[in-house]
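Topology and contacts: notes
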Amino acid sequence: MTADHSLFAADLVVTGTVTGRGRLDVDGRVEGDVSVQHLSVNRDGTLTGNARADDALLSGSLVGTIRAQKVTVARSGRLSGLVEYEVLGIEPGGTFEAECRPTTAPALETGRRAAAAGQEPAAPGAARRLAPGPA
């Protein structure tokens, strides 16, 4: 392990707040809040609480809230709670029981363009031509 890479071993239980600038691999159990650059909850690992990361790979279990630019739920992974993300991937077999909140979405930009043009934004799931053009 390097100074910017930490491992919580399978026999370790951590309760409280964990912060760091590098990578954290969780093979044990974390109960609390985690804020790191790269988070990996491995196959036998569990995290119950809130997590923030640039990217997160969930091969184990996360119950709570995760906010990350990129979240991947692996085929052995389980995510339950709330996920705020820019990129979300769920491999076949992964368990996903979470409320989704994309942090950047084309629909938001489309709504801004419509408002700037003096039009009503389209309802979610609906499409609307924003500028005159061929039908």
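Predicted, not measured: the structure shown is a model, and the values here were computed from it.

Procedures and definitions
Residues numbered from 1 in each chain as written. Predicted model: local features only at pLDDT ≥ 70, side-chain atom pairs only at ≥ 80, totals over all residues. Heavy atoms only, no water. Helix = DSSP H or I, 4+ residues; strand = E, 2+ residues; numbered from the N terminus. Contact = heavy atoms within 4.5 Å. Polar contact = N/O pair within 3.5 Å; in protein donor to acceptor, adjacent residues only side chain to side chain. Pairing = 2+ DSSP bridges. Salt bridge = Lys/Arg side-chain N within 4 Å of Asp/Glu carboxyl O. Buried < 20%, exposed > 50% of the residue type's maximum accessible area, 1.4 Å probe, protein only. pLDDT = per-residue confidence, 0-100.

What follows is about the environment of Asn50. Locating Asn50 in the fold gives a position in strand S6 (residues 46-58). Each C-alpha atom of the pair Asn50 and Gly32 lies 6.5 Å from the other, and the pair is 18 residues apart in sequence. Every residue in contact with Asn50, bar those within four places of it in the chain, is listed here: Gly32, Asp33, Val34 and Thr65. In terms of polar contacts, Asn50 uses its side chain to reach the side chain of Asp33, at 3.0 Å.

We now examine the side chain of Asp25. In this fold, Asp25 is placed in strand S3 (residues 23-26). At 3.1 Å, the side chain of Asp25 forms a polar contact with the side chain of Arg23. Those residues within four positions of Asp25 in sequence are excluded, and the remaining contacts are His5, Ser6, Leu7, Phe8, Ser40 and Asn42.

Both S3 and strand S5 (residues 38-41) contribute to a ladder of four bridges, which runs parallel. Among the inter-strand pairings, Asp25 is bridged to a residue of S5, identified as Ser40. With four bridges connecting them, S5 and S6 associate as parallel partners. Each bridged residue has a counterpart across the sheet, and for Val41 the counterpart in S6 is Leu58.

Moving on, we get to the pattern of salt bridges. Enumeration over the complete set of coordinates arrives at seven salt bridges. Here Glu84 makes a salt bridge to Arg67, at a shortest N to O gap of 3.0 Å. Taken together, the residues span a long stretch of sequence, with Glu84 in strand S8 (residues 78-90) and Arg67 in strand S7 (residues 61-73) at a distance of 17 residues. Judged by relative accessible area, which is 16%, Glu84 ranks as buried. The class for Arg67 is partly exposed, based on a relative accessible area of 27%. The salt bridge involving Arg101 is made with Glu84; its shortest N-O contact spans 3.6 Å. Taken together, the residues Arg101 in strand S9 (residues 95-102) and Glu84 in strand S8 connect sequence positions 17 residues apart. Looking at Arg101, the relative accessible area reads 38%, which means it is partly exposed. In this structure, a network of salt bridges that share partners links the residues Arg67, Glu84, Glu99 and Arg101.

With respect to the helices and strands, the residue Ser40 is situated in strand S5. A distance of 2.8 Å separates a polar atom in the side chain of Ser40 from a polar atom in the side chain of Asn42. Those residues within four positions of Ser40 in sequence are excluded, and the remaining contacts are Arg23, Leu24, Asp25, Val26 and Leu57.

Here the protein chain averages 84 in pLDDT, while 75% of its residues score no lower than 70. A low-confidence stretch, residues 106-111 (pLDDT under 50), is modelled with two contacts involving residues beyond four sequence positions or located in other chains. Taken as a whole, residues 120-135 scores under 50 in pLDDT and shows 13 contacts with residues more than four places along the chain or in a different chain.

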